[in-house]
Amino acid sequence: MLRTLSLASLSILALTAGATAQQGEFRLGGGYERFDFDDVDVDTAVVRGGYDFNRFFGVEGQANIGINDESVTVAGVTGDVGLDYSLGAFGVVRPWSNEQANVFLRGGYTTTEFDADIAGLNYDGSDEAWAFGVGGEWFFAGDNGVRLDYTRYDYDDGGEADTYGISYVRRFGG
């Protein structure tokens, strides 16, 4: 897990370095997202970096870190289920965009690592998902803004999750 998070951090730093050398705009943000699986809700901290090729098209990467576990009861036995991390890469389209606000659509691919501890038995697992979502950003003070978004995850094992988030966004360059 540490190796994966380190690789994701280095990728975001490389994206930052490349973005500042070009004419596009770089975005960096952080905040809160809630993962809503079928029977389990998990809170996460999210860090996101992105690069806009122009006003309407861009890419972004994000990392979510679980900040709580949820207690679940299965066949009368109670245990904890948690999300360790989720990493994703997305293409972003902004059909409506101006200097102060935008609405965006995004689609991409993610990997998620989770764990469960039920009746003294530990289980660690991971799964990949195609993800798509919608959201908006409002820049209330120049390059400082707030982002609201929704993303739907369609996992390879047949599971699904919905996330709802709010985060701070800072624009650089452009």
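Residues numbered from 1 in each chain as written. Predicted model: local features only at pLDDT ≥ 70, side-chain atom pairs only at ≥ 80, totals over all residues. Heavy atoms only, no water.

Draft legend 1. Focus on the nonpolar core. By size, the foremost hydrophobic cluster in this structure holds 11 residues: Phe35, Val40, Val42, Val72, Leu83, Phe90, Ala129, Ala131, Tyr153, Tyr155 and Ala161. Contacts of Ala131, omitting those with residues within four sequence positions, involve Phe90, Arg106, Gly107, Gly108, Thr110, Thr151, Arg152 and Tyr153. (Core = buried A, V, L, I, M, F, W, Y, C linked by side-chain atoms within 4.5 Å. Buried < 20%, exposed > 50% of the residue type's maximum accessible area, 1.4 Å probe, protein only. Contact = heavy atoms within 4.5 Å.)

Draft legend 2. Here's a closer look at the packing of aromatic side chains. Scanning the entire structure with this criterion turns up 10 aromatic pairs. Consider the rings of Tyr51 and Phe53, whose centres lie 5.3 Å apart with planes at 80 degrees: the pair is edge-to-face. Pairing Tyr109 with Trp130 gives two aromatic rings, centres 4.7 Å apart and planes at 65 degrees, and the pair type is edge-to-face. One end of the pair, Tyr109, is in strand 6 (residues 101-118); the other, Trp130, is in strand 7 (residues 121-141), with 21 residues separating them in the sequence. Here Trp130 falls in the exposed class, since its relative accessible area comes to 57%. Of the aromatic side chains, those joined through ring pairs into one cluster are Phe35, Phe37, Tyr153 and Tyr155. Sitting over the ring of Phe172, Arg170 keeps its end group 5.4 Å from the ring centre. The ring of Phe139 carries Arg171 above its face, with NZ or CZ at 3.7 Å from the centroid. (Phe/Tyr/Trp six-rings, centres within 6.5 Å; stacked < 30°, edge-to-face > 60°. Helix = DSSP H or I, 4+ residues; strand = E, 2+ residues; numbered from the N terminus. Lys NZ or Arg CZ within 6 Å of the ring centre and 35° of its normal.)

Draft legend 3. Representation of the pattern of salt bridges in the model. What the rule picks out here adds up to 17 salt bridges. With a shortest N-O distance of 2.7 Å, Arg106 and Glu60 are connected by a salt bridge. On the criterion of sequence distance, the pair formed by Arg106 in strand 6 and Glu60 in strand 3 (residues 57-66) is long-range, its members being 46 residues apart. One salt bridge connects Arg147 with Glu60, and the closest N-O pair in it is separated by 3.0 Å. (Salt bridge = Lys/Arg side-chain N within 4 Å of Asp/Glu carboxyl O.)

Draft legend 4. Expanded view of the confidence of the model for the chain. Residue-level pLDDT values for the chain average 88, and 86% of them are 70 or greater. The model gives residues 1-10 a pLDDT under 50, and that stretch makes eight contacts with residues more than four places away or in other chains. Predicted confidence for residues 16-21 stays below pLDDT 50, and this span has three contacts to residues more than four positions away or in other chains. (pLDDT = per-residue confidence, 0-100.)

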